[in-house]
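Structural overview for review
Chain residues, written in single-letter form:
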Amino acid sequence: MAEISLSHTFKGHSDKCWSTSVHKKYPLLASVSSDKTCRLYNLNTKQLIAILDDDTHSKAVRTVDWKPTGDFPSLAVGSFDSTISIWGREDEDGDEMEISVTAATASGSEWSLMAVIEGHENEVKAVSWSCDGEYLASCSRDKSVWLWETDEANEEFECINVIQDHSQDVKHVVWHPFTKFLATSSYDDTIRLYKQDSYDYDDWINVAVLTGHQGTVWHSDFEKIDPDQGIRLCSGSDDETVRIWKRVSGAELSKQKNGEAIPSVVREDSHSDEWVEEAMLPKVHTGPVYSVSWNKNGLIASASADGRIVVYEETAKGVWRVVAVKETTHGIFEVNSIEWWSSPDGEMLVSAGDDGNVNLWSLSL
Amino acid sequence: MSGDIINANPTVLDVSQLPTRREKYTKESAKGGQSDILLLNNLLSLSLLTPSGDLNENKAGQVTPPELTDDETEAEEEEAEDPIDAQEIYDLISSISDPEHPLTLGQLAVVNLNDITVTDPRDPTKIGEVLIKITPTITHCSLATLIGLGIRVRLERSLPPRLRIKILLKEGSHQSENQVNKQLNDKERVCAACENEQLLKVITHMLSTCI
Amino acid sequence: MAEDKQSLIRSLISQYIVSVDVSDIELEASSKSLAEYLQSGEISLLEFIKLLGPHLTDDGDKLRSSSVSCLVDTLRLVSPLKRNDLSVLTDFLLSKLTDEPCTLEALRGLTILVGKPGFQFAQVANILNSVRDHYDSKKHLAKVRYWSFELLKAILTKFEDQLIVALNDEFIDSFLYISANEKDPRNLILSFGLNTHISSKFDIETKSADLFDAAFCYFPISFKPPANDPYKITPEQLKEALRSVIAANSAFAKDALPSLIEKLSSTAPSVKLDTLETINRCVLSYDEATIEEYWLSVWNSLKFEILHAEVASVNSMDDLIQYYTNAENEEEKVIPLVLTVFKSLGGRFSGQNEAGLRDYISVVVNELGKFLTTPDHKQAKQSAIILSAIASANVHVFNLVISTSFPFLLQALEDDASPWTISKQRSMITNVSFVLDSYDSLFTKQSNVIDPETNALFQYKSEILMLLTRSLGASLKVEVSLRCLAIKTIGKIVNLKSLLNLEEGKLLVQSLTEVLLEDDNPNTFGVAVGGLKEVARIRPSLIVEVTLPQLLALLPDEETTKFQASSNKCIDNETKVLQVIAEISENKEILDVVMIRILSKMSVLLKSSTSVSDVRAILKALETILKKSEAFPGMSTNDYLRKFIPQFLYLVLDGIFINSSSPIYHDNISLEIAGTVVKVIITGSDLTLHQKVLDEFMDLLVLKKGFSLLSKPLSSPIDVFAKGNESAAPLLSKVFAATDKATTLPLTTTDLSDRVISALETETDIFTRQCYLQILSLVINKWFDSNDDDYLRLKCTSFMSTISGSEDLAQRSKHLELLVWSTKALVMKNDKYAHEILEYLVSLLEVPELANVAPKAFEILVADVECFDAYKKAGATSKALPFAKKAAVFNISTSPLYKQRFFNTLIPKLIAGSNRGGDQKRTFLITLSLIAKYADKAIIVPHLEEITPLLLQSLEIPNDKIRSSSLVILEIAIAEYPALIKKQLQTLIPRLLDLAQPDTHTGEEVKINTLKCLLGLTINEKIGFVALMPYKTGVIRNLLPTLDDKRRSVRKMASDCRQQYYELAQGSES
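Residues numbered from 1 in each chain as written. Chains lettered and ligands numbered in written order. Predicted model: local features only at pLDDT ≥ 70, side-chain atom pairs only at ≥ 80, totals over all residues. Heavy atoms only, no water.

Basically, it comes down to this: UniProt positions are given in the numbering used here, feature names are shortened, and annotations may be inferred rather than shown by experiment.
As recorded in an unreviewed UniProt entry, chain C goes by MMS19 nucleotide excision repair protein and comes from Kuraishia capsulata CBS 1993. Recorded under Subcellular location (unreviewed entry), the UniProt text for chain C is reproduced unchanged: "Nucleus".

An unreviewed UniProt entry lists chain A under the name Probable cytosolic iron-sulfur protein assembly protein 1, from Kuraishia capsulata CBS 1993. According to the UniProt record, the Function (unreviewed entry) comment for chain A is "Essential component of the cytosolic iron-sulfur (Fe/S) protein assembly machinery. Required for the maturation of extramitochondrial Fe/S proteins." Per UniProt, chain A has the following entry under Sequence similarities (unreviewed entry): "Belongs to the WD repeat CIA1 family."

**A closer look at the overall build of chain A**
As a reminder, the rule being used: Each helix is a run of H or I in the DSSP string that is no shorter than four residues. Each strand is a run of E no shorter than two, and both are numbered from the N terminus. For each residue, the accessible area found with a 1.4 Å probe, counting protein chains only, is set against the maximum for its type, and the residue is called buried under 20%, exposed over 50%, and partly exposed in between. By definition, residues are in contact when any of their heavy atoms lie within 4.5 Å. All accessible areas in this document rest on Shrake-Rupley with a 1.4 Å probe, and a residue is counted as covered only by the protein chains that are shown.
The secondary structure content of chain A amounts to one helix and 31 strands. Classification of the 365 residues of chain A by burial places 60% in the buried group. When contacts within chain A are restricted to residue pairs at least 6 apart in sequence, long-range pairs at least 24 apart make up 56% of them. Carbon and sulfur atoms provide 47% of the accessible area of chain A, an area that totals close to 13,600 Å².

**Observations regarding helix α15 (residues 317–325) of chain C**
All names here are of chain C. Definition in use: As used here, the arc belongs to the directions running from the helix axis to the C-beta atoms.
Listed as buried for α15 are Met317, Leu320 and Tyr324. Within α15, the buried residues cover an arc of 60° as seen down the axis, which keeps them to one side. Tucked inside the fold, the buried residues of α15 contact α16 (330–347), α18 (380–391) and α20 (422–445).

**Things to note about helix α35 (residues 766–783) of chain C**
Note the cut-off: In this analysis, the expected span of each helix is defined as 1.5 Å times one less than the number of residues it contains.
For α35(C), with 18 residues, the first-to-last C-alpha span of 25 Å sits near the 26 Å given by 1.5 Å per residue. The element α35(C) is extensively covered by neighbouring structure, given that 18 of its 18 residues are classed as buried.

**Notes on the sheet that holds strand β26 (residues 309–316) of chain A**
Residue and element names in this part refer to chain A. Applicable threshold: In this analysis, strands are considered paired if DSSP registers two or more bridges between them. To obtain each axis, a line is fitted to C-alpha atoms, and for helices this fit is confined to the stretch in contact; angles are then taken between N-to-C directions over 0 to 180 degrees.
Taken in spatial order, the four strands line up as β24-β25-β26-β27 in an open sheet, and their pairing is antiparallel. The open sheet has two free edges, formed respectively by β24 (289–294) and β27 (319–326), since each of these has just one partner strand. Pairwise comparison of adjacent strand axes, ignoring direction, gives a mean angle of 25° for this sheet. The pairing of β24 with strand β25 (residues 300–304) spans five bridges and is antiparallel. Within β25, the residue paired with Val289 across the bridge is Ser304.

**Focus: the packing of aromatic side chains**
The criterion, for reference: Centre distance within 6.5 Å is the pairing criterion for rings of Phe, Tyr and Trp, where only the six-membered ring of Trp is used; planes under 30 degrees apart are then read as stacked, over 60 as edge-to-face, and the remainder as tilted. The rule for a charge over a ring is simple: NZ of Lys or CZ of Arg within 6 Å of the ring centre, and within 35 degrees of the ring normal.
Taken as a whole and judged by the stated rule, the model has 33 aromatic pairs over all chains. The interplanar angle of 75° and the centroid separation of 5.5 Å between the aromatic rings of Phe192(C) and Tyr218(C) together place this pair among those described as edge-to-face. Placement of Phe192(C) in helix α9 (residues 185–201) and of Tyr218(C) in the loop between α10 (208–216) and α11 (235–246) is noted, with a sequence separation of 26 residues between them. In terms of burial, Phe192(C) and Tyr218(C) fall into one category: buried. Summarising the aromatic geometry, the rings of Phe644(C) and Phe648(C) are spaced 5.0 Å apart at their centres and angled 20° between planes, so their arrangement reads as stacked. A relative accessible area of 1% means that Phe648(C) is categorised as buried. Within the aromatic cluster, the residues linked to one another by ring pairs are Phe212(C), Phe216(C), Phe219(C) and Phe252(C). Cation over ring: Lys182(B) sits above Tyr187(A), and NZ or CZ is 4.6 Å from the ring centre.

Written as structure tokens, this is what we have:
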């Protein structure tokens, strides 16, 4: 059995901390909270870099996601006030050369509001950047998922599509790490999967509806492997379970090669994939599972209202076992989100809880 | 809450019939022995000498009035522990007033003592649960959600966070039981609701009868 | 007439004229002297008018009107006037009616003339005609029109009878003429008054429509009094006056009632209420024929106001009426009014009009009957309420309503067709209970004669009793609400005057008693006790005969020396049984029985080897009941001195000293309570008996002079100051505390004091010491006089020398105790010597070795010790009012303001000391916080400014007692001194939050007081939410742990506190 041990606690939020985001490139950590602020930390030095709070948001901030691309770090923040704000480091006199990690994470450095995106009718529940940073997806209690096309400088945000397939709140949206493939989870207990139409890039095809969860699906995450080797998704739900879903057949997807998209050679018109529930992970949680995360080594972590963090590993295809359980990770408070961070010294976990803290955990396998 | 009253003529319980902790009849006799001790203490509290004070031996320590040492605060440590029980929860929420009647949820029997279950590990580091089943005044009462929300807010403000609050409609008490239950226990929705000025006003009004 | 006189008159006239609108005094003066000349006949009226003449016809309006006014004012003061003078003047004034500037004075003059003796009715026609022909209200201001009404009023009052005979129509026409489109409120009052008078007295057959319209055109009348209305006319007066008109004559009915009923549809509640009031007035004053004609339409148009109302959940008509009359919402006030109308209707059919009444009742009852037959019909309760209202009109109506409606009310009892549900029973009882209220108001409250033969309710008694006993007997214990309702109703019916005979009363009380013994649902149980209390208040004999024996039977007696455990967990031990007995002992009749019976229980307990706690319980019960009896009107305990004390004291003393096997052998607490019992009896007895009482107790407890006080002698005599007898000390201190200070001790004060002091020298038991000290203090306070000064000073000085001189801390504290208790006695009577000693005591605070004892000493000085509780009686001798008729304190010498004096001298000293810093700072702080809680707000407030900073410091001292007393004062400061507190918030709030944390080693009381302070901040709007907002989240967050405190009370306070802070802004918005 592996050991999960606390390595650091980022205090500061004065209310529930809802979710976190770790930057793909830099050791940057962002956390958002009901206290209406977003805090940025340097994961190496554990230093507070900035607090993004100039009354941009009038209500709780629910979701945050770093843009994976761009010379300068930037991120999207979604709030219950129905708006999304885009923030970035001031571009030092526009020089093109990639900035150094130190510059990116320099504390007290100037972070400025680049754009505020309005469109949703009410609470924004999740935002997510596509792997190439070209699209931003957002979802809301208004049952819709919006897709925004943007540019390098985050100046333009054009809504290219509004998806309204879910019958209830859309709780979460996430992109596949390597392809234009999208998963949305909802209060209607289902997960829906979308791919970009190969002919009309602005069109998005609902290729599958995953049913099986007995309650709200709070969160989902894709397996971090090349889509050619198959696509899998794990999801956490109010029914206290974590499930693995597998794509067993479907059209080939356009994938990401050095930053630009090439349309697939083989043209299929199959507008639907076939997906199956491959596994239900061993049940440990005794409360809603609010968050799941799949790391590049194939480990899955889940966090729940019961205060537990659980790590699972796959022993054989579709066969999973629990490798670690940590109780009361945020005291007696609920845990709202869990996320992997590939730190210099191995895989670590970042959790956020109702106590307003963000905890950094090391995992000794 | 303008417009027509949804349930114009609810059955109302007399306040004197609502369940209470009847200190009057139980407590006294329960600590009967103690009350005698209290009586004695009151008599002795004004003495400048310690009860043990044998005046023939004169040690400084003995004439030190007990009140001014810290023994007493030690004694306080021994004080009994009152568990958080159903009655306590009932007292917290029965005083909430109904959004459309000038009556409390207790009087309207929306909340009932027997429909409250407390699972408390009695340990500040352990998580427990409070389960409340509410009975709307009529099965199509569109205010059920609002009432439930009021109860949740009241409890989230009053109970230690280690107690998870679960609010359900009593079986068969409402047409759309499941939807309401799902809403009432959806963390995000509740939080969002608590940021909604209009809603908050109504809830403020509902809770105004609680203190 | 002599020149000079003429000129004199002239000057008076001109003096008058120039003073018009200038000085009323002048006007009065000059007209007065003018009148005197006329009265005395020095000048004739003719001469006077001659001299006035030129002005009366002057072209200047002002001059003209002034001169007329001069004439009028003068005439006002002259009487009698010659008959023909009167007619001349009348004609003159009538001629002036058309002269607009003079119209007012003309009307006023006429009014005055009419009032004069000798004024002829013959003139009236003339006046009326010229008023109609020459006076035009439209041309004149309100103040002019006013006099037109006054004129008619004067005529009416003087010639009413002649008018009716001779000028009926003329007068009515004149009235209609002048009152047309009047708007001024003062004039309207007059107008309505006239109309009422006319309409009720005159023959208005032909004019009724006009008279009615003349008034009704104003309905509903509303008027907002101007800020400085000189006439102070209220809207109510106007409404009332108008109502009187409308109700004045049955002839109006055909117009009035339909239009009023129509007005009921108005949406404005105020109109609706006014209309109902008016309808009721009409119903009360129109003649029977009219009522008979209109009751149906009134009923039909009003009934739904009740039937469709959502009636509040109350238990009696009184509560119902009360609830709705005090309702904020105007709309709801309609309900009681409608009920009144229905009642009035019932009352309007006199004996000879049986038929009319029967119609009314039968229509109503048949209509409501159909609801009543299904008791839980949603309009049944409303129906019952209506019936109750009507039935309470008078005995005749009552009988009719009851006999016709009860068959419906009780029908459900018979028909087995519909299932007999709980809700049916509940509703039926509610309905019946409402109707019973009409009996209550007619026969219990208004004490009409009750004749079982004719009174209709009697024939339904058995059914009602059956309904009640059955709901109570048959229903399951879980049917709490039904059972509680049944119990309440039983309580109600038992107390209905002479409705139930003894047997029935017993039956019901028995059923309540059974609930008491068997129903273990705390609510039902509570209600049952309540019900029995009700009965006890009005029919104590039932309690004595039925309930008491069964309760007492639970307690041990000769045969069964054990407690008869009851199945009911609400009453499963002696203490609870005794509590109930105490609760239902609502008057002396019951008390007498209880005392004696409990006494015998006590003797049994004392013989048998019961636990000490049982005896204590019994004693406690006696104490509670007696304390309660102090509130009984005209309560006197005189007879207990003989009937109770001797046996009681024997039992106690024997048990405590003599009989070593007794459960209470040497039990201080038992004697303490027993002492209190004795105390209450003594204070409750006449002062004239006190000397005897005192002597007897002294004989028994001090002087060893036999046992005359006891029912039988003890085996050995007692001297409380002798070794082995100490335990009797509390008894003596209570007696001393209770008796009249005007009594004299059977031995010298100094002798007695010496005995006490010497006893204290050797006594080591803390409890006994306290009693001795109290005895000493009482003696000094009550019986010491100036002759004892030297003795007192001598003693005190010796105490001081030991306190300051001795090396032995025990000795020092012991003598400090003696000194303090003596001083306490003096402080209370504001003895100057006390203040000398006070100086000395303050100086002790500087003595390091006494640092722990000295502060306590001050607490003793101010502590409210039970033995110094003051009791008042009429005729008690007191310095303030020697021959006091009204109650004065008799049992101790106390000056009303002694505490204030004490604190005002002491607090500054302590503050100074606390500020001086150094080692003794803490000592002063402690003293301050220890005594401050004994001062009332009024005394503390002036010192708050200096004290508060010190309090914040004493919060740092890790001692609960000090902290909580500091917090108590702090709470006052928060309420009384917002400005000061506002400055401190920054330090105060965090400090308080620390103390509130569960982990900190502070006790329940401290935490509660802390939270009270935090809560107090939000309540005082002088501090305001703006100032608190910055701390809002802080407080809310930091109190989170407190929500998990061990003590429920703390958790409750914490959650209340947080709630307050959550709502900070919200509250202020609204």
